[in-house]
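Secondary and tertiary structure notes
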Amino acid sequence: MKDTRRTLTEPAIPGWRLIISDTGRFWAIRNRAFPRTALRAGAEPTVDADTFEEVREAVARQEEIAEGVPS
């Protein structure tokens with residue numbers, strides 16, 4: 001059986017750590033905490049999805065939530 005896992009040499013999603021579980025699920029964890037106001041607005045520092053594209057979209061949604069919150 002061929003090992004299809006690959007080593008990433010640079011972040012696939014800047015500012016987020018990407019993990020692919022042994023079941024093939026994609027997880028992204030933000031490297032730096034969101035401000036408290038962003039968390040209260042609903043920004044999640046950890047997201048998961050079935051595909052890389054879906055997890056990238058989930059990350060983008062979280063960043064949009066955080067950017068829309070006044071500092």
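Keep in mind the model is a prediction, meaning the values are calculated, not measured.

Side note on the nonpolar core
Counting residues in each nonpolar core, the largest one holds 14 residues, and the members touching the most others are Trp 16, Ala 28, Phe 34, Val 47, Val 55 and Val 59. The set of elements that each furnish at least two residues to this core consists of β1 (16-20), β2 (26-30), β3 (46-49) and α2 (52-67). A total of four residues in this core trace back to one element, the largest contributor, which is α2. Once you skip the residues sitting within four places of it in the chain, Val 55 turns out to touch Ile 13, Leu 18, Phe 26, Trp 27, Ala 28, Val 47, Asp 48 and Ala 49.

Considering the sheet that holds β1
Spatial ordering of the open sheet is given by β1-β2-β3, a layout of three strands whose pairing is antiparallel. Both edges of this open sheet fall to β1 and β3, since each of them pairs with a single strand only. Along the sheet, successive strands turn relative to each other by an average axial angle of 20°, direction set aside. Examined bridge by bridge, β1 and β2 share five bridges and lie antiparallel to one another. Within β2, the residue paired with Ile 20 across the bridge is Phe 26. Those strands touched by α2 are β1, β2 and β3, and its axis lies near 150° from that of β3.

Some details on the pattern of salt bridges
Summed over the entire model, instances satisfying the criterion amount to four salt bridges. Close ionic contact of Asp 50 with Arg 25 constitutes a salt bridge, the shortest N to O distance being 2.3 Å. In this pair, Asp 50 sits in the loop between β3 and α2 while Arg 25 sits in the loop between β1 and β2, placing the two residues 25 residues apart along the sequence. Exposure remark for Asp 50: the relative accessible area of 53% places this residue in the exposed category. The shortest N-O distance in the salt bridge between Glu 63 and Arg 30 comes to 2.9 Å. Taken together, the residues Glu 63 in helix α2 and Arg 30 in strand β2 connect sequence positions 33 residues apart. Assessed through its relative accessible area of 18%, Glu 63 is described here as buried.

Cut-off values and rules
Residues numbered from 1 in each chain as written. Predicted model: local features only at pLDDT ≥ 70, side-chain atom pairs only at ≥ 80, totals over all residues. Heavy atoms only, no water. Core = buried A, V, L, I, M, F, W, Y, C linked by side-chain atoms within 4.5 Å. Buried < 20%, exposed > 50% of the residue type's maximum accessible area, 1.4 Å probe, protein only. Helix = DSSP H or I, 4+ residues; strand = E, 2+ residues; numbered from the N terminus. Contact = heavy atoms within 4.5 Å. Pairing = 2+ DSSP bridges. Axes fitted to C-alpha atoms, helices over the stretch in contact; angles between N-to-C directions. Salt bridge = Lys/Arg side-chain N within 4 Å of Asp/Glu carboxyl O.

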